[in-house]
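Listed below are the residues making up each chain.
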Amino acid sequence: MLDIAFSDASLPASGTIAILAVSGAAPAGALATLDAAVGGALTRAAKATGFGFDAAKTCVVLAPGAGYDRVILVGLGAVDALDGTVAEQAGVAAARALSDAGTSGVVVADGIAPDLTAHVALGVVLGSYRFDSYRTQPRKGNAGPLTAVTVACADPAAAQAAWQPLSAVARGVFLCRDLVSEPANMLRPPEFEQRILALRDLGVEVEVLDRDAMHKLGFGALLGVAQGSDAPPRTVIMRWNGGTDGTAPVAFVGKGVTFDSGGISIKPAAGMDEMKTDMAGAAAVVGTMAALAGRKAKVNAVGVVGLVENMLSGNAQRPGDVVRTAAGQTVEVLNTDAEGRLVLADVLWYTQDRFKPRIMVNLATLTGAIVVSLGVERAGLFSNNDGLAGHLAATGEQTGEKLWRMPMDASYLELLRSDIADLKNIGGRPGGSITAAKFLECFVNDVPWAHLDIAGTAFTSKATSHAPRGATGFGVRLLDRMVGTYYEG
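Let me begin by describing the structure that accompanies this report.

Definitions and cut-offs
- Residues numbered from 1 in each chain as written.
- Predicted model: local features only at pLDDT ≥ 70, side-chain atom pairs only at ≥ 80, totals over all residues.
- Heavy atoms only, no water.
- Helix = DSSP H or I, 4+ residues; strand = E, 2+ residues; numbered from the N terminus.
- Buried < 20%, exposed > 50% of the residue type's maximum accessible area, 1.4 Å probe, protein only.
- Areas by Shrake-Rupley, 256 points an atom, 1.4 Å probe, with all protein chains shown as cover.
- Lys, Arg positive; Asp, Glu negative; His and termini not counted.
- Charge placed at Lys NZ, Arg CZ, Asp CG, Glu CD.
- Axes fitted to C-alpha atoms, helices over the stretch in contact; angles between N-to-C directions.
- Parallel < 35°, antiparallel > 145°, perpendicular 65-115°, else oblique.
- Left-handed = near helix turned anticlockwise from the far one by under 90°.
- Contact = heavy atoms within 4.5 Å.
- Nonpolar A, V, L, I, M, F, W, Y, C, P; charged D, E, K, R; others polar.
- Core = buried A, V, L, I, M, F, W, Y, C linked by side-chain atoms within 4.5 Å.
- Patch = residues over 30% accessible without salt bridge, like charges linked within 9 Å, V, L, I, M, F, W, Y side chains within 5 Å.
- Salt bridge = Lys/Arg side-chain N within 4 Å of Asp/Glu carboxyl O.
- Phe/Tyr/Trp six-rings, centres within 6.5 Å; stacked < 30°, edge-to-face > 60°.
- Pairing = 2+ DSSP bridges.
- Polar contact = N/O pair within 3.5 Å; in protein donor to acceptor, adjacent residues only side chain to side chain.
- 1 Å grid on protein atoms, 1.4 Å probe; cavity = no way out; pocket = protein on both sides within 12 Å on 5 of 7 lines; lining within 4 Å.
- Points joined across faces, edges and corners; volume = space filled by probe spheres on them.

With that out of the way, let us pick up the overall build of the protein. A count of helices and strands for the protein gives 14 helices and 19 strands. With respect to the three principal axes, the spread of C-alpha positions in the protein is 80 × 50 × 40 Å. A buried classification covers 55% of the 489 residues belonging to the protein. Surface summary for the protein: the accessible area is close to 18,900 Å², and the carbon and sulfur share equals 51%. The distance from the centre of the 41 positive side-chain charges to the centre of the 48 negative ones in the protein is 3 Å.

Here we come to the packing of helix α3 (residues 84-101) against helix α4 (residues 114-127). Running from N to C, α3 and α4 point in directions that differ by 40 degrees, and their axes come no closer than 6 Å. By the angle between their directions, the pair α3 and α4 is classed as oblique. The chirality of how α3 crosses α4 is right-handed. Judged by residue contacts, Gly 84, Ala 87, Glu 88, Gly 91, Val 92, Ala 95 and Arg 96 of α3 engage Leu 116, His 119, Val 120, Leu 122, Gly 123, Val 124 and Gly 127 from α4. A class-by-class count of the residues in the contact of α3 with α4 yields seven nonpolar, five polar and two charged.

In a soluble, globular protein the nonpolar side chains are often hidden away together inside. If you look at the biggest cluster of nonpolar residues, it comprises 94 residues, and the most contacted ones within it are Ile 4, Met 238, Phe 252 and Leu 392. Among residues more than four places away in sequence, those in contact with Phe 252 are Val 285, Thr 288, Met 289, Leu 292, Val 302, Gly 303, Val 304, Val 361, Leu 479, Met 482 and Val 483. The next biggest cluster of nonpolar side chains, apart from the first, holds 48 residues, and it includes Ala 226, Val 302, Leu 348 and Ala 436.

Another aspect to go through is a nonpolar patch on the surface. A cluster of nonpolar side chains, contributed by Ile 264, Ile 266 and Leu 312, occupies part of the molecular surface with about 250 Å² of accessible area. With respect to the helices and strands, Leu 312 occurs in the loop between β10 (300-310) and β11 (321-324). According to the relative accessible area criterion, Leu 312 is partly exposed, its value standing at 40%.

The next point concerns the packing of aromatic side chains. Centre distance and the angle of the planes are the two values used to describe a pair of aromatic rings. Counted according to the given criterion, the structure contains seven aromatic pairs. Centre to centre, the rings of Phe 131 and Tyr 134 are 6.0 Å apart; their planes meet at 55 degrees, and the pair counts as tilted. Take Phe 131: its relative accessible area is 19%, and that puts it in the buried class. The class for Tyr 134 is partly exposed, based on a relative accessible area of 44%. Ring pairing ties together the aromatic residues Phe 219, Tyr 350 and Phe 355, which thus form one cluster.

Reading across the sheet, the three strands line up as β11-β12-β16 and stay open at both edges, with mixed pairing between neighbours. This sheet does not close on itself; its edge strands, each paired only once, are β11 and β16 (423-424). Across two bridges, strand β12 (residues 330-333) lies against β16 in parallel orientation. Bridged to Glu 332 within β16 is Lys 424.

Locating Thr 460 in the fold gives a position in strand β18 (residues 459-460). Looking at Thr 460, its side chain comes within polar contact range of the main-chain oxygen of Lys 462, at 2.6 Å. For Thr 460, the contacting residues outside a window of four places in its chain are Pro 468, Arg 469, Gly 470 and Thr 472.

Turning next to the packing of helix α5 (residues 156-181) against helix α9 (residues 280-294). Where α5 meets α9, the closest approach of the two axes is 8 Å, and the angle between their N-to-C directions is 155 degrees. The orientation of α5 relative to α9 falls into the category roughly antiparallel. Seen along the crossing, α5 lies across α9 with a hand that is right-handed. Together, Ala 168, Val 169, Gly 172, Leu 175, Cys 176, Leu 179 and Val 180 of α5 and Ala 280, Ala 283, Ala 284, Val 286, Gly 287, Ala 290, Ala 291 and Gly 294 of α9 make up the contact between the two elements. Among the residues forming the contact of α5 with α9, the class breakdown is twelve nonpolar, three polar and no charged.

This next bit is on the layout of surface pockets. The computed volume of the second largest pocket comes to approximately 500 Å³. What lines the second largest pocket is a set of 24 residues, and nearest its centre among them are Val 376, Glu 377, Gly 400, Thr 464 and Ser 465. Elements supplying a minimum of two residues to the lining of the second largest pocket: α5 and β18. Class assignment for the residues of the lining of the second largest pocket results in seven nonpolar, eleven polar and six charged.

The side-chain alternation of β12 yields two buried faces, one formed by Thr 330 and Glu 332 and the other by Val 331 and Val 333. Note that β11 and β12 share four bridges and pair antiparallel. Across the sheet, residue Arg 324 finds its bridge partner in β12, namely Thr 330.

The next thing to look at is the side chain of Asn 300. In this structure, Asn 300 sits in strand β10. By relative accessible area, Asn 300 is classed as buried at 9%. Those residues in contact with Asn 300 that sit more than four places away from it in its chain are Trp 240, Asn 241, Gly 242, Gly 243, Thr 244, Thr 247, Pro 249 and Val 250.

Another aspect to go through is the environment of Pro 232. Relative to the helices and strands, Pro 232 resides in the loop between α8 (220-226) and β8 (234-241). Each C-alpha atom, one on Pro 232 and one on Leu 307, is 8.8 Å from the other, the two residues being 75 residues apart in sequence. Beyond its immediate stretch of four places on either side in the chain, Pro 232 contacts Pro 189, Pro 190 and Arg 211.

A few words now on unusual backbone geometry. At Ala 56, a position not held by glycine, the phi torsion is positive, near 65 degrees. On the secondary structure map, Ala 56 appears in the loop between α2 (41-49) and β3 (58-65).

See below:
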């Protein structure tokens, strides 16, 4: 991860700098000093290009003199709208401009409060992310990834203190993005397990259930999905005990299908390569647990992920099979490509039954139907509890990982009634994301629970205000901030 340092707001003598400033105000601080030194070249360039310091917009001024290679102007928007989200987006924009310039440089954030300066640093780090693990040749167009950035500000010590917990969150996001970016041949369930075991270095307790242990616990739904692959399944339990002894934990549950062929209900070839990302829910849970442990959150938290491959073989689950879940309910599997809900059924039941959590949130790339409903701008939010749903929705607006609450009417459950079992795993095309959520609800009892369908937000085909093209890390910042705001301490 990119190294961040904080320094006082004095300008460096040379190189490339990015200067952040609000809109609608006369140049002040470092911007005014540098603009005067170059004879007003910065303000003239901004005016000529129509650059008005709008939030997260940039203007690059080449070789303005005074010894600088270039100056990157970065907008913070109106001062009365400046918050952590805007500061992060400006940091992302600065990082991308520096990367395009092929240099690390200095980000000047004088005149900004220390807590917001820390959020600028978070944006710089998030904007610097690249997944180059399998490249043997450099990318075209720049000199390489950013390795170190200095943030110049009025109070470096206070900004550094505010940055410490955010740096743990950034590491959690990077871990999530790395996991989602890995090709499926490199991240089968046993390897995913090994990545999670590394969280022990942060003080996270990690426990692994293998196939035999899950069989004894009655995980018939999860094991039915896994039976077509030669990669052994895993359920991995992570525990962070940062709260008061005996306090019920918050629980996070993730779908970890490391590759989803669709099984015998096989997917079309076009786009099947993207099914390596069908474990993004599990990756978000792992990243969240890393963030909570990394910043020593004062909360008891449990993360549980079900890791399987959904493959075709002579032993693969067939459409029409009936499986028995850990809850004792039976499910007729009409479509083997509706496998994520089968994995989650057992893991959700196990989590609520063993840990008796205060709340339980699961994340899953569960349905294409949610993308039809909401596109890629928001994840679907389904919940049996208005308070929890409100906490998640409000936090999503703050972090930019936005949610939209979907209906959970009891009548949708009727679409899942089977003629030969308690439930069937699909309810037809109408309301597909809702019936999937209603299926999950059958395995949570009365625990305050929310399901986040992140099928449209876990991976992006173009860069966004918080994430590069590819894996977004969606959910880590959302869950960490929600815990810190509503459940920690």
